[in-house]
Amino acid sequence: MSRGGVLRLGRREFAPSARLVMAIVNRTPDSFYDKGVSWAEDAALERVRMVVEQGADLVDIGGIKAAPGAEIDAEEEKRRVVGFVERVRSEHPDLVISVDTWRSEVARAVCAVGADLINDAWGGADPELPTVAAEFGASLVCTHTGGVTPRTRPHRIEYDDVVDDVRTSLLRQAERAVAMGVERERVVIDPAHDFGKNTWHSLEVTRRLDELTSLGWPVLVSLSNKDFVGESLDLPVGERLTGTLAATALCAWHGAQVYRVHEVVETRQVLDLVSVVAGDLPPARTVRGLA
Amino acid sequence: MSRSVVVVPSAPFLLPEYTGRTDAAADLRARAVAAVRDAAAADGTRGVVLVVATDREQRGTRPPLGQRVGAHLAGLAGVSVDAVVAVAWDAPTADCRALGEQLARSSAGSMLVVVADGSARRGEKAPGHLDERAFAVDDALLAALRTADPDALLALDPQLCADLLVHGRAPLQVAAAALRGRPGLEAVDVHAEDPFGVLHVVATLTSS
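The structure presented is a predicted model; accordingly, all values stated were derived computationally and were not measured. (Residues numbered from 1 in each chain as written. Chains lettered and ligands numbered in written order. Predicted model: local features only at pLDDT ≥ 70, side-chain atom pairs only at ≥ 80, totals over all residues.)

1. Observations concerning the overall build of chain A
As a reminder, the rule being used: Comment: elements are numbered from the N terminus, with helices defined as DSSP H or I runs of at least four residues and strands as E runs of at least two. C-alpha atoms define the radius of gyration in this analysis, and the globule rule sets the expected value at 2.2 Å times the number of residues to the power 0.38. For every residue, the other C-beta atoms within 10 Å of its own C-beta are counted; 20 or more classify it as buried, 12 or fewer as exposed, and values in between as partly exposed. C-beta atoms are placed from the backbone. Placing a C-beta atom from the backbone of each residue, one calls two residues in contact when those atoms lie within 7 Å.
Scanning chain A for helices and strands turns up 10 helices and 10 strands. A compact globule built from 291 residues should have a C-alpha radius of gyration of about 19 Å, and chain A, at 18 Å, falls within 12% of that. Taking the principal axes of its C-alpha atoms as reference, chain A extends roughly 60 × 45 × 40 Å. Of all 291 residues assigned to chain A, the portion counted as buried reaches 48%. Taking as baseline every contact in chain A between residues at least 6 positions apart, the subset at least 24 positions apart corresponds to 67%.

Right, here's the structure in full:
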């Protein structure tokens, strides 16, 4: 089993063997899975309280859905997330807070009110993002999108070797972030399933994830209820949890460290089971045959 | 001259390698360690002789679980293991008696730590499932300890104990034979519990 690296998020440090649950908290009215359930700020705060209670290690707050849709400018994005991050930070002083944004302007605003991690889900579309992370001592997720424009769907994209493209892109972004002043142990790499990838690509990335976890950087995977799971099993959104958890187990076995998810309890159980099998975590309690 | 005999369980979950994130044996281990430590302190001794049974389900080549558990508990109690007497778990009483008499001669004055359990058939969920006969046999075993009666321990029936998965009969009989004739033998404390269908005993006996 390969391993990522030591990971630092906020004031916390995690071993390469750690498997962390990053709970998705959408400040959007239209995200594909929850369809606006935490659009209202109070509902979103309630969701944060719930996922923390359920054992999430960090939350990922986003103000714009990934899929194409109504244009959300930086001002509106900030209206959706900045005050909210401030409230979450105030209510949960020790919680690791990630914000899903590709805009350095938004990143700067959320870091100023306590965000610990910038989840650049669109692969460095804004080249200034690492500067902001460096300035605030924040962590940064670098993602592979194949260079597509934010909020576009992949259409007829091919790679000679998708994993090679992912590896090359992520290493370049990660080293660039470090060169721009982001602490090495605060850089996370994410192959970004389904971003700039069809189902075949996402499956290959999953199958060969060890080629990424062996690079020495902590690896984040975002699998939750995505289309590659749906197309693999011919299941619509809402019926993809089992498939998501199976993919989660495979990535966990390959050594991914952070899991961006909708369902915290189920993911926590899968990750703990994999950690126990891998010998990274003792079982909860053992008596059978031993009393 | 050490005067104490301590009985401790041989349950593998007392060992660190079998402990989960929540330690199901924490209280039992603490009680056993305290018993060994207190007895050694009272006797003014730093070393003990372990009396253990071989494994009933021997598969590999490691020393018997009873020996490993006893050594671990002794280590936690801060005493060394000077010698180990390992008796076949199903040894005939005559063999136990002979071994005990030999032990009385070779290790006279040593503190004994007997690693021994009662029946593993004390409930529907017990390792050996429920056998109602277990309670009477365990009661007899505990009564023998509480009255510090070596002859009562030597009277335990090997076949019945084997049927009931009593893992401590043979080492207790070895110890009983070693203790026979010690003046003023009495029980200081006898604790028994069976939360997992196995009778675990922590007992301290002393002589004058």
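Further notes follow.
2. A look at the overall build of chain B
When helices and strands are tallied, chain B shows seven helices and six strands. Ordering the α and β elements of chain B from the N terminus gives β-α-β-α-β-α-β-α-α-α-α-β-β. What you see for chain B is a C-alpha radius of gyration of 15 Å, in line with the 17 Å of a compact globule of 208 residues. The principal-axis extent of the C-alpha atoms belonging to chain B is close to 45 × 40 × 35 Å. Counting across all 208 residues of chain B, residues that qualify as buried make up 50%. Residue pairs in contact within chain B that sit at least 24 positions apart in sequence constitute 74% of those at least 6 positions apart.

3. Here's the deal with the packing of helix α5 (residues 162-179) of chain A against helix α6 (residues 199-207) of chain A
Residues and elements named next belong to chain A. Stated precisely, the cut-off is as follows: Angles here are taken between N-to-C directions and fall from 0 to 180 degrees, while the axes themselves are lines fitted to C-alpha atoms, restricted in helices to the stretch in contact. In what follows, roughly perpendicular refers to angles from 65 to 115 degrees, roughly parallel to angles under 35, roughly antiparallel to angles over 145, and oblique to any angle outside these ranges. Each residue receives one of three labels: charged for Asp, Glu, Lys and Arg, nonpolar for Ala, Val, Leu, Ile, Met, Phe, Trp, Tyr, Cys and Pro, and polar for the others, Gly being one of them.
Where α5 contacts α6, the axes come no closer than 9 Å and their chain directions differ by 70°. With respect to each other, α5 and α6 are oriented roughly perpendicular. Each of V162, V163 and V166 in α5 lies in contact with α6, whose residues at this interface are H201, E204 and V205. In terms of residue class, the contact of α5 with α6 is made up of four nonpolar, one polar and one charged.

4. Quick look at the sheet that holds strand β9 (residues 220-222) of chain A
Residue and element names in this part refer to chain A. The condition is simple: Strand pairing is assigned whenever DSSP detects at least two bridges linking the two strands.
A sheet is described by the order of its strands in space; here eight strands give the open sequence β8-β7-β6-β5-β4-β3-β10-β9, paired in parallel fashion. In the strand order of this sheet, the two ends are held by β8 (187-190) and β9, each with one partner. For this sheet, the mean angle separating the axes of adjacent strands, direction not counted, is 25°. Direction of pairing for strand β4 (residues 58-62) relative to strand β5 (residues 96-100): parallel, over a ladder of five bridges.

5. Thoughts on the nonpolar core
Test applied: Throughout this description, the term nonpolar core refers to a group of buried Ala, Val, Leu, Ile, Met, Phe, Trp, Tyr and Cys residues whose C-beta atoms join them within 7 Å.
Core analysis: the largest hydrophobic core is formed by 75 residues, its most contacted members being V36 and V174 of chain B. The element that contributes the greatest number of residues to this core is helix α7 (residues 169-179) of chain B, accounting for eight residues. With residues near it in sequence (within four places) discarded, V174 of chain B still touches V51, V85, V87, C96, L99, G100 and L103 of chain B. Ranked by size, the runner-up nonpolar core spans 70 residues in total, among them V96, I97, V132 and V274 of chain A.

6. Some details on unusual backbone geometry
The phi dihedral of R156 of chain A falls on the positive side, at around 60°, and the residue is not glycine. Examined against the element boundaries, R156 of chain A turns out to sit in the loop between β7 (139-143) and α5. Even without glycine at this site, L165 of chain B takes up a positive phi of about 55°. Mapped onto the elements of the fold, L165 of chain B is located in the loop between α6 (158-163) and α7.

7. What about α6 of chain A?
All names here are of chain A. How we decide: An arc is given here, and it is the one of the directions from the helix axis to the C-beta atoms.
Every buried residue of α6 is listed here: H201, S202, V205 and T206. Mapping the buried residues of α6 onto a view down its axis gives an arc of 135°, with all of them on the same face. Along its buried surface, α6 packs onto α5, α8 (227-233) and α9 (241-254).

8. Focus on the pairing of β8 of chain A
Residue and element names in this part refer to chain A. Our working rule: If the strands point away from the viewer and the path from the first strand over the helix to the second runs clockwise, then the crossover is right-handed.
Side chains V187 and I189 of β8 all project onto a buried face; the interleaved residues V188 and D190 project onto the opposite face, where all are buried too. Relative to β8, β7 runs parallel, the two sharing four bridges. Bridge pairing in β8 places L140 opposite V187. In this fold, the crossover linking β7 to β8 by way of α5 has right-handed handedness.

9. Here's the deal with the pairing of β5 of chain A
All names here are of chain A. When you tally the buried positions in β5, you get five out of five residues, the bulk of the element. The two faces of β5 match: V96, S98 and D100 on one face and I97 and V99 on the other face are all buried. In the sheet, β5 pairs with strand β6 (residues 117-120) via three bridges, with the strands oriented parallel. Looking at the pairing, S98 lines up with L117 of β6. Between the parallel elements β5 and β6, the chain passes through helix α3 (residues 104-112) in a crossover that is right-handed.

10. Quick word on the sheet that holds strand β6 (residues 200-206) of chain B
Residue and element names in this part refer to chain B. Strand order in the open sheet formed by six strands is β3-β2-β4-β1-β6-β5, and the pairing between neighbours is mixed. The open sheet terminates on both sides in strands that have one partner only, identified here as β3 (80-87) and β5 (186-193). The average undirected angle you get between the axes of adjacent strands in this sheet is 15°.

11. What to know about the environment of A125 of chain A
Residues and elements named next belong to chain A. With respect to the helices, strands and loops of the structure, A125 is situated in the loop between β6 and α4 (129-136). The partly exposed category is assigned to A125, around which 17 C-beta atoms lie within 10 Å. Linking A125 and S104, residues 21 residues apart in sequence, is a C-alpha distance of 9.8 Å. Those residues in contact with A125, other than ones at most four positions away along the chain, are W102 and P150.

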